[in-house]
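# A look at the structure
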Amino acid sequence: MQSSRASYTRFADYVLTIGFTHSRSDNFLFIYHRGSSLAYILLYVDDIILTASSDALRQSIMTMLTSEFAMKDLEPLSYFLGIDVTRHAGGLFLSQRKYTSEIIERAGMSSCKSTSTPVDTNPQLSAATGAPYEDPTRYRNLTGALQYLTFTRPDITYDVQQVCLFMHDPRVEHMNEIKRIIRYIQGTLGYGLHLYPSSTSTLVSYTDAYWGGCPDTRRLTSGYCMFLGNNLVSWSAKRQATLSRSSTEAEYRGVANVVSESCWLRNLLLELHCPIQKATLVYCDNISTIYLSGNPVQHQRTKHIEMDIHFVREKVAKGHVRVCHVPSRYQIADIFTKGLPAVLFEDFRDSLSVRRPPAITAGVC
């Protein structure tokens, strides 16, 4: 730990001397800006991504870095922290196919039959159902591995969040849920996240909450997804720490969460010199929540969520956020809060740009 910290400090100190600045939004991001010249460095331990506005600038920065540190230029980005990056005519494809295969093999399910969805439409799992699972360590290892897979597979985020709740005392039923997730990723082994060239002028998010869904605590599960242009850039599924007394309160807490995330993203994009001029659109399917976000009148029934109320209203009043209605049929964030029928699940999965790998046509007549 001390060695990693010392290496990071030495690297950070050096890049500051050659014209980079430290990002306030991300501690591992360094930004270079001189006139029309831009460059970004993303550092994680000893893995580095460098991109620049011109090849000459990139080469110049690489020359300075290699003169100070022992490093190798691996040319265009193809692999980073276990994520394969494939370039194609339409953009980029991010996947963890090899890692997915290792999870399936580790679970001893290489020849299992696939399933169309990672979770059924029944209520959420309970902590007290069924007998204790005989090997809690194996359960925790598989759960941790699936957590890392959600970096390119947002379609399993909700299901992985559910099984993570029981790592302290896993039951046989919980392990069966993990096996279902593995059966699903077996059938969608090559799937990954597609990124396409797109305008960076719009930030659009969808948020939803499943009120009282936890059978043990009745706490809500909230989820959101956020798009920069046409590309998915942030998503979450989380059980809230407090109990909500109404569906409106549950939805409003979800809106506050996604507005907070949008503030961070807007600040990050501002540092990257790609500012968002338009208001962030937040789509919610609860009419009362939309009304509360813009109505300056405070009601007695909302006093217990007063901080969230004022936080969202302030962003709306400043023009940074607009809370809009979306019919439940088109509420993409449902995939992060509950089990869905196969047809709806596949539709929302496609909306997240989680699809098959791009077709390879080279050499085809």
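One can find the structure itself at the top, above this paragraph.
Residues numbered from 1 in each chain as written. Predicted model: local features only at pLDDT ≥ 70, side-chain atom pairs only at ≥ 80, totals over all residues. Heavy atoms only, no water.

The next point concerns the overall build of the chain. Looking only at helices and strands, one finds 10 helices and 14 strands in the chain. Taking all 365 residues of the chain together, the buried fraction comes to 48%. Relative to all contacts within the chain whose residues are 6 or more apart in sequence, the contacts with residues 24 or more apart total 68%. For the chain, the accessible surface area stands at approximately 18500 Å², while carbon and sulfur atoms represent 54% of it. (Helix = DSSP H or I, 4+ residues; strand = E, 2+ residues; numbered from the N terminus. Buried < 20%, exposed > 50% of the residue type's maximum accessible area, 1.4 Å probe, protein only. Contact = heavy atoms within 4.5 Å. Areas by Shrake-Rupley, 256 points an atom, 1.4 Å probe, with all protein chains shown as cover.)

What follows is about the side chain of Ser234. Checked against the element boundaries, Ser234 lands in strand E11 (residues 231-239). In this structure the side chain of Ser234 is engaged in a polar contact, spanning 2.8 Å, whose partner is the side chain of Glu261. Not counting residues up to four positions away in its chain, the partners in contact with Ser234 are Tyr224, Cys225, Met226, Glu261 and Leu265. (Polar contact = N/O pair within 3.5 Å; in protein donor to acceptor, adjacent residues only side chain to side chain.)

On to the sheet that holds strand E13 (residues 321-325). Strand order in the open sheet made by the five strands is E11-E10-E9-E12-E13, with mixed pairing throughout. Each having just a single partner strand, E11 and E13 make up the two edges of the open sheet. Ignoring which end each strand starts from, the neighbouring axes of this sheet average 20° apart. As paired elements, strand E9 (residues 203-210) and strand E10 (residues 221-228) share eight bridges and run antiparallel to each other. Counted as the bridge partner of Val204 is Phe227 from E10. Lying on the sheet, helix H5 (residues 157-164) is in contact with E10 and E11; it crosses E11 at an angle near 30°. (Pairing = 2+ DSSP bridges. Axes fitted to C-alpha atoms, helices over the stretch in contact; angles between N-to-C directions.)

What follows concerns H5. The buried count for H5 comes to eight of eight residues, which makes it a mostly enclosed element. By the burial criterion, the buried members of H5 are Thr157, Tyr158, Asp159, Val160, Gln161, Gln162, Val163 and Cys164. Looking at the buried side of H5, the elements it contacts are helix H4 (136-149), helix H6 (172-187), E10 and E11.

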